[in-house]
Amino acid sequence: MSIGFIGAGNMASAIVRGIVESGYAAPGDILVSDPNPGALSALVAQTGVQGAAGNAEVVAASSTVVLAVKPQVLPSVFEEVAARMVAAGPLVVSIAAGTPIAKLERWLSPHVPIVRAMPNVNAQVRQAISAVAGNGAASRDQIDSVLAMFGSVGDAIELEERLFRAFMAIAGSSPAWTFLYIDALARGAVAAGMPKALALRVAAKAVAGSASLVDDGGAHPWELIDRVSSPAGTTIAGLSVLEERGLPSAITQAVRATVERDKEISAGSD
Ligand SMILES: NC(=O)c1ccc[n+]([C@@H]2O[C@H](COP(=O)([O-])OP(=O)(O)OC[C@H]3O[C@@H](n4cnc5c(N)ncnc54)[C@H](OP(=O)(O)O)[C@@H]3O)[C@@H](O)[C@H]2O)c1
């Protein structure tokens, strides 16, 4: 197995580290290109993967090519290597946000196996949730291999592409909202006398642990809410304020706004 990465930025670095640490692939089987010598040499030094002279070398040497550049850089990358990709027929994996499979097929060909994958920022700590969808040319084995690749940075699920927008909102954008929530919790504790650094640590652990109770088919959120809300207690007092101030509805509206904005940004791409 030889895996090539075009782009050695934040997301490629997180995925490469996950692949190597999990043993999904050996460093010697991973080839990376990036015109930014700093980004490339940092990744090579950190993980022991090989640096390529350019994108063409990656395509020529890899059975799987991961496109890990910004969406606006994709046209120039395809201009350089699309013909080679069509001729060589590697599995092409794109992590570019807002870039549907149909658009990738227009640059390449519907006959090239293409898998679209959407990780999130939590890949940096190998706790991402990633969505994966293949085109008609991608085989079951190829889709499974991409699921395993993204499984090395957290969980990975196969998802119909029509649901990627909703996924992007609750997996891609929601970490920013969670950071806001954690900071607001901490500020409340600071107001009650706790040092900020300690308050942030406590709030982050509380959020991570609560998420684990719901994750993986655990209890329903309302069952857990009822379990920790004693009659006339402290938790129900705070919960009532959050409901009166409209927190649940604000979050649902934020998801809807994110989905609508993504439709606006990628108008004409689908
Ligand atoms: N970051 C996330 O949380 C996240 C989550 C889901 C999906 N994604 C997707 O992942 C992709 C990469 O995002 P990122 O955050 O990792 O971006 P990034 O840190 O900017 O990484 C992109 C890298 O590609 C390099 N590059 C630019 N032009 C190139 C070319 N022609 N050939 C090869 N490499 C080139 C860039 O170099 P320069 O710095 O010199 O331009 C940079 O090192 C994007 O499409 C994004 O939508 C990211």
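Thresholds, definitions, all that
- Residues numbered from 1 in each chain as written.
- Predicted model: local features only at pLDDT ≥ 70, side-chain atom pairs only at ≥ 80, totals over all residues.
- Buried ≥ 20, exposed ≤ 12 C-beta atoms within 10 Å, placed from the backbone.
- Helix = DSSP H or I, 4+ residues; strand = E, 2+ residues; numbered from the N terminus.
- Right-handed = clockwise from strand over helix to strand, strands pointing away.
- Pairing = 2+ DSSP bridges.
- Contact = placed C-beta atoms within 7 Å.
- Domains from an automatic or database assignment.
- Core = buried A, V, L, I, M, F, W, Y, C linked by C-beta atoms within 7 Å.
- Axes fitted to C-alpha atoms, helices over the stretch in contact; angles between N-to-C directions.

Observations concerning the pairing of strand β6 (residues 114–118)
Next up, step 1: Taken across its 5 residues, β6 has 5 buried, putting it largely inside the fold.
Next up, step 2: Between the parallel elements strand β5 (residues 91–94) and β6, the chain passes through helix α5 (residues 101–107) in a crossover that is right-handed.
Next up, step 3: Of the pairings in the sheet, the one linking β6 to strand β7 (residues 128–134) comprises 4 bridges and is antiparallel in character. Note that in β7 the partner of Met118 across the bridge is Ala131.

Focus: the environment of Glu161
Next up, step 1: Looking at the element boundaries, Glu161 is found in the loop between β8 (154–158) and α7 (164–191).
Next up, step 2: The spatial distance from the C-alpha of Glu161 to the C-alpha of Asn135 is 9.6 Å, given a sequence separation of 26 residues.
Next up, step 3: Discounting residues that sit within four places of it in the chain, Glu161 has contacts with Pro100, Ile101, Arg116 and Ala133.

A word on the domain arrangement of the protein
Next up, step 1: Looking at the assigned domains, one finds that the protein contains domain 1 (3–159) and domain 2 (166–265).
Next up, step 2: Using C-alpha coordinates to define each centre, domain 1 is positioned 32 Å away from domain 2.
Next up, step 3: Taken together, the contact pairs 9 residues of domain 1 with 7 residues of domain 2.

Re the nonpolar core
Nonpolar side chains in soluble globular proteins generally cluster together in the buried interior.
Next up, step 1: Core analysis: the biggest nonpolar cluster contains 55 residues, and Val16, Val32, Leu67, Ala68, Val92, Val93 and Ile95 have the highest contact counts within it.
Next up, step 2: Once residues lying within four places of it in the same chain are set aside, the contact partners of Val92 are Val65, Leu67, Met85, Leu108, Val112, Pro113 and Ile114.

Observations regarding the pairing of strand β2 (residues 30–33)
Next up, step 1: Burial along β2 is two-sided: the residues Ile30 and Val32 and Leu31 and Ser33 are all buried.
Next up, step 2: The pairing of strand β1 (residues 3–6) with β2 spans 4 bridges and is parallel. Bridged to Gly4 within β2 is Leu31.
Next up, step 3: Bridge count for β2 against strand β3 (residues 50–51) is 2 bridges, and the pairing is parallel. Across the sheet, Val32 pairs through a bridge with Gly51, a residue of β3.

Regarding unusual backbone geometry
Peptide bonds are trans in most cases, and residues, glycine excluded, mostly fall at negative phi.
Next up, step 1: In the Ramachandran plot, Arg126 falls in the positive-phi region, its phi being about 55° despite a non-glycine side chain.
Next up, step 2: With respect to the helices, strands and loops of the structure, Arg126 is situated in the loop between β6 and β7.
Next up, step 3: We note that Ala232 has phi near 60°; this positive angle belongs to a residue other than glycine.
Next up, step 4: Along the chain, Ala232 falls in the loop between α9 (221–228) and α10 (234–244).

Describing the sheet that holds β3
Next up, step 1: The 8 strands lie next to each other as β3-β2-β1-β4-β5-β6-β7-β8, forming an open sheet whose pairing is mixed. The open sheet terminates on both sides in strands that have one partner only, identified here as β3 and β8.
Next up, step 2: Sheet strands in contact with helix α1 (residues 10–22) are β1 and β2, and its direction is about 170° off that of β2.

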